Amino acid sequence: MTGWLTPEEWQALRLSLLVASTGTLASLPLGLGVAYLLARGRFWGKTLLDMAVHLPLVLPPVVTGYLLLLAFGRRGPVGGVLAEFGIVFAFRWTGAALACAVMGFPLLVRAIRLSIEAVDSKLEQAAATLGANPLQVFARVTLPLILPGILAGLVLCFAKAMGEFGATITFVSNIPGETQTLPSAIYTLTQVPGGEAGAMRLTLISIAVSMSALVLSEFLARGVARRMAA
């Protein structure tokens, strides 16, 4: 692949893989907790939490990116505090990972939530009756049953992160070698004379990654269905 792509294109591909992987893995702990709350919790504000989780799916990505810039920029309420400890997101690859995590978070939560709701609550109640505390019930009963759903959610989140453009370019701009991911590189190549071939190469790679993610997600979803039926 290094002979097929130019060094700049290869750099954009590697950065996309780094950003998507970091954003996806960083989303998992919070996504698991939120999904469990939405699936099993009974509390005031549950509908508001559900709306907040899914908001990035309906907001224009540019708006999400701008909100991230306001919050996590060097002068933002969160970014300003983090900058004092040397943690900077704006115009860094870590900011691109944050933007991708936010955009892919709803897909991760939804997949995990559906898996948790498919688990028979009587199994969890039986474990609790035998003396297991809530953490033990989750670790020994719920988690093994929802593992395929977690994997499916991770795949969908990763695929979304690989294709994220609007929020990323608004929050961290389009800096080659730092924040220029595959979508940003494709956009740049379409704006320069003679860039069509490079844009097509990166487009084919993006399509291949997205299709592979969809196939893997469907395979894992069917695995969940068979497991629940058994």
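Residues numbered from 1 in each chain as written. Predicted model: local features only at pLDDT ≥ 70, side-chain atom pairs only at ≥ 80, totals over all residues. Heavy atoms only, no water.

Colleague: Please clarify how the UniProt feature "domain: ABC transmembrane type-1" (unreviewed entry) in the protein should be interpreted in this entry.
Modeller: Under the UniProt annotation, the feature "domain: ABC transmembrane type-1" (unreviewed entry) is placed at residues 13-215. Note that residues 13-215 is 78% helix and 0% strand, and that its end C-alpha atoms are spaced 21 Å apart. (UniProt positions renumbered as here; feature names shortened; annotations may be inferred. Helix = DSSP H or I, 4+ residues; strand = E, 2+ residues; numbered from the N terminus.)

Colleague: Where do I start with the side chain of Ser-27 in this structure?
Modeller: Within the element layout of this structure, Ser-27 appears in helix 1 (residues 7-40). A distance of 2.7 Å separates the side chain of Ser-27 from the backbone oxygen of Gly-23, its partner in a polar contact. Residues within four places of Ser-27 in sequence aside, it is in contact with Ala-101, Phe-105 and Leu-108. (Polar contact = N/O pair within 3.5 Å; in protein donor to acceptor, adjacent residues only side chain to side chain. Contact = heavy atoms within 4.5 Å.)

Colleague: Which parts of the structure should I look at to understand the environment of Ile-205?
Modeller: You can see Ile-205 is positioned in helix 10 (residues 196-229). Once the C-alpha coordinates of Ile-205 and Leu-182 are considered, the two residues, 23 residues apart in sequence, prove to be 8.9 Å apart. The contacts of Ile-205, once residues within four sequence positions are left out, are Trp-4, Leu-5, Leu-13 and Leu-182.

Colleague: Help me understand the UniProt feature "transmembrane region" (unreviewed entry) in the protein, please; the structure alone is not making it clear to me.
Modeller: Mapped onto this numbering, the UniProt entry gives "transmembrane region" (unreviewed entry) at residues 12-39, 51-73, 85-109, 141-162 and 199-221. In residues 12-39, the share of helix is 100% and the share of strand is 0%. The end C-alpha atoms are 38 Å apart. What you have in residues 85-109 is 68% helix and 0% strand, and the ends, taken at the C-alpha atoms, are 30 Å apart.

Colleague: Explain the packing of helix 1 against helix 2 (residues 46-58) to me, please; I cannot follow it from the model alone.
Modeller: When two helices pack together, their arrangement is given by the angle between their axes and by how far apart the axes lie. Interhelical geometry of helix 1 versus helix 2 gives an angle of 140° and a closest axis separation of 10 Å. Here helix 2 runs oblique to helix 1, going by the angle between their axes. Note on packing geometry: the crossing formed by helix 1 with helix 2 is left-handed. Contacts from Val-34, Leu-37 and Leu-38 in helix 1 reach Lys-46, Leu-49, Asp-50 and Val-53 in helix 2. Its residues placed into classes, the contact of helix 1 with helix 2 shows five nonpolar, no polar and two charged. (Axes fitted to C-alpha atoms, helices over the stretch in contact; angles between N-to-C directions. Parallel < 35°, antiparallel > 145°, perpendicular 65-115°, else oblique. Left-handed = near helix turned anticlockwise from the far one by under 90°. Nonpolar A, V, L, I, M, F, W, Y, C, P; charged D, E, K, R; others polar.)

Colleague: Looking at this model, I keep getting lost on the nonpolar core. Mind explaining?
Modeller: Generally speaking, a soluble globular protein has its nonpolar side chains buried in company with each other. Counting 27 residues, the largest nonpolar core has Val-19, Phe-171, Leu-182, Leu-202 and Ile-205 as its most contacted members. In terms of residues, this core owes the most to one element, helix 5 (residues 93-118), which gives six residues. Among all residues touching Leu-182, those that are not within four sequence positions of it are Ala-12, Leu-13, Ser-16, Met-162, Leu-202, Ile-205 and Ser-206. Residues Ala-35, Leu-38, Val-53 and Ile-112 belong to the second largest nonpolar core, which totals 17 residues. (Core = buried A, V, L, I, M, F, W, Y, C linked by side-chain atoms within 4.5 Å. Buried < 20%, exposed > 50% of the residue type's maximum accessible area, 1.4 Å probe, protein only.)

Colleague: Help me out: how do you make sense of the environment of Ala-152 in this one?
Modeller: Note on placement: Ala-152 falls in helix 7 (residues 134-163). Judged by its relative accessible area of 7%, Ala-152 is buried. Sequence spacing of Ala-152 and Phe-171 is 19 residues, and the spatial spacing of their C-alpha atoms is 27 Å. Ignoring sequence-local partners within four residues, the contact set of Ala-152 consists of Ala-111, Ser-217 and Leu-220.

Colleague: In this structure, what is going on with the state of the cysteines? I would like to understand it.
Modeller: Here is the idea: a disulfide is a covalent bond, and it sits between the sulfur atoms of two cysteines. Counted according to the given criterion, the structure contains zero disulfides. Free cysteine: Cys-100, not disulfide-bonded; nearest cysteine sulfur from Cys-157 at 8.6 Å. The class of Cys-100 is buried, set by a relative accessible area of 2%. (Disulfide = S-S within 2.5 Å.)

Colleague: Explain a nonpolar patch on the surface here, please?
Modeller: On the surface, a cluster of nonpolar side chains totalling about 620 Å² of accessible area is made up of Trp-4, Met-200, Leu-204, Ile-207, Met-211 and Leu-214. Its location among the elements puts Met-200 in helix 10. (Patch = residues over 30% accessible without salt bridge, like charges linked within 9 Å, V, L, I, M, F, W, Y side chains within 5 Å. Areas by Shrake-Rupley, 256 points an atom, 1.4 Å probe, with all protein chains shown as cover. Salt bridge = Lys/Arg side-chain N within 4 Å of Asp/Glu carboxyl O.)

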